[in-house]
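These are the residues of each chain, in order.
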Amino acid sequence: MDHSTLVPAIRRLALEAGDRIMEIYNSPEFEVKSKSDSSPVTEADEAADAIIAAGLRAAFPDVVLITEEQAASHGLSASTFLIVDPLDGTKEFVQRRGDFTVNIAYVENGVPLRGVVYAPAKGRLFYTQEDGAAVEETGAFDKAARGPVTPLHVSTPDNNALMVVASKSHRDAATDDYIGKYGVKDMTSAGSSLKFCLVATGEADLYPRLGRTMEWDTAAGDAVLRGAGGHVVRFDDHAPLAYGKAGWDNPFFIAYAPGVELKK
């Protein structure tokens with residue numbers, strides 16, 4: 001993969017999808033349907049997916065494309081692929097809470113090497129540059145030219161006073177019990193893949209997820225966090241979270257800044 005072609009393409013497609021999502025988000029009402037697993041899907045999910053999938057297939061026709069909104073892609077198997085969640089945090093979108101993101105990632109040999117996470121309602125754009133280093137861009141988000149960027153680097157954590165981020169819509173007692181094993185200074189809740197980005201920026205030290213996720217939920221945020229010096233590991237054995245798994249399901253995982261003393 002030529003990353004000098006990939007990075008501008010996924011950045012532009014995320015911004016284009018974000019524009020369409022915000023048109024629907026700001027409309028008086030929008031349709032919400034239920035998928036086979038009872039999770040919500042909106043016209044914004046589908047419109048954003050159409051923009052991103054068409055762009056990726058045109059630019060990278062020989063690379064396998066996995067996307068949440070195209071069930072036929074879920075039956076594919078690959079270790080190197082593009083993977084998309086066009087609107088992560090649909091519940092946040094439906095409730096107009098703003099914590100939703102556009103996610104596009106490139107995975108090579110099971111490792112998410114490049115990714116973009118765009119939170120259009122919050123005006124935050126995170127991505128990996130051509131060399132893999134993670135940045136947050138500010139400015140007008142011109143689709144043809146990058147604006148000012150801030151290099152991202154994870155925190156140097158204090159294990160007696162950790163900053164923890166957890167899911168806004170999927171918190172449960174098991175997660176709270178696990179967080180209780182740590183010395184916590186502050187807890188914050190966030191939706192979607194923004195949680196990875198908060199660890200990448202140093203706004204949080206630790207993000208444990210004891211719940212079901214799919215690879216398209218995590219790959220882009222994982223790439224950004226890795227590009228900022230962070231890690232994402234399986235909850236059970238602390239091995240690096242790998243991609244290209246059968247069915248595209250993830251195990252429970254922990255995203256963290258090196259220096260956090262992980263608990264079992």
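Rules behind the numbers
- Residue positions are counted from 1 within each chain, in the order its sequence is given.
- Where local features are concerned, this predicted model is filtered to residues with pLDDT of at least 70; where side-chain atom pairs are given and counted, the filter is 80 or more; whole-chain, interface and lining totals use all residues.
- Side-chain measures here rest on the full set of heavy atoms in the structure, leaving out hydrogens and waters.
- Throughout this description, the term nonpolar core refers to a set of buried Ala, Val, Leu, Ile, Met, Phe, Trp, Tyr and Cys residues connected via side-chain atoms within 4.5 Å.
- The buried label goes to any residue with under 20% of its type's maximum accessible area, the exposed label to any with over 50%, and the partly exposed label to all in between, with areas taken from a 1.4 Å probe on protein chains only.
- Only DSSP runs of H or I covering at least 4 residues are called helices, and only runs of E covering at least 2 are called strands; the numbering of each starts at the N terminus.
- Annotation comment: domain bounds sourced from an automatic or database domain assignment.
- Only heavy atoms enter the contact rule, under which two residues are in contact if any of them lie within 4.5 Å.
- Put simply, buried area is the surface a 1.4 Å probe can reach on two separate parts but cannot reach once they are joined, added for both.
- By convention in these notes, a salt bridge is any Lys or Arg side-chain nitrogen within 4 Å of a carboxyl oxygen on Asp or Glu.
- Under this definition, polar contacts are N or O atom pairs within 3.5 Å; protein pairs additionally need one hydrogen-donor-capable and one acceptor-capable atom, and for neighbouring residues in sequence, both atoms have to be side-chain atoms.

A. Region of the structure containing the nonpolar core. Counting residues in each nonpolar core, the largest one holds 36 residues, and the members touching the most others are Phe81, Ile83, Val224 and Leu225. Among the elements of the structure, β4 (81–88), β5 (101–108), β6 (111–119), α5 (194–200), α6 (215–227) and β16 (253–256) are those that each provide at least two residues to this core. Counting residues per element, this core draws most heavily on α5, at six residues. Residues from two domains meet in this core; each of domain 1 (3–151) and domain 2 (162–256) gives at least three. With 35 residues, the next largest nonpolar core counts Ala14, Leu65, Val84 and Phe100 among its residues.

B. Expanded view of the domain arrangement of the protein chain. The assigned domain composition of the protein chain is domain 1 (3–151) and domain 2 (162–256). At the junction of the two partners, domain 1 supplies 41 residues and domain 2 supplies 28 residues. Roughly 2,500 Å² of surface becomes buried between domain 1 and domain 2 when both sides are summed, with 65% attributable to carbon and sulfur atoms. On the domain 1 side of the contact with domain 2, Asp99, Pro112 and Phe126 bury the most area, a combined 21% of that side's loss. Scanning the region where domain 1 abuts domain 2 turns up one salt bridge. Ionic pairing is found between Glu203 and Arg124, a salt bridge with its closest N-O pair at 3.0 Å. Where domain 1 packs against domain 2, one counts 10 residue pairs in polar contact (both at pLDDT 80 or more). Of all the secondary-structure elements, those providing two or more residues to the side of domain 1 that touches domain 2 are β4, α3 (90–94), β5, β6, β7 (124–128) and β8 (134–137). Ranked by the residues each element gives to the side of domain 1 that touches domain 2, the list is headed by β6, at eight residues.

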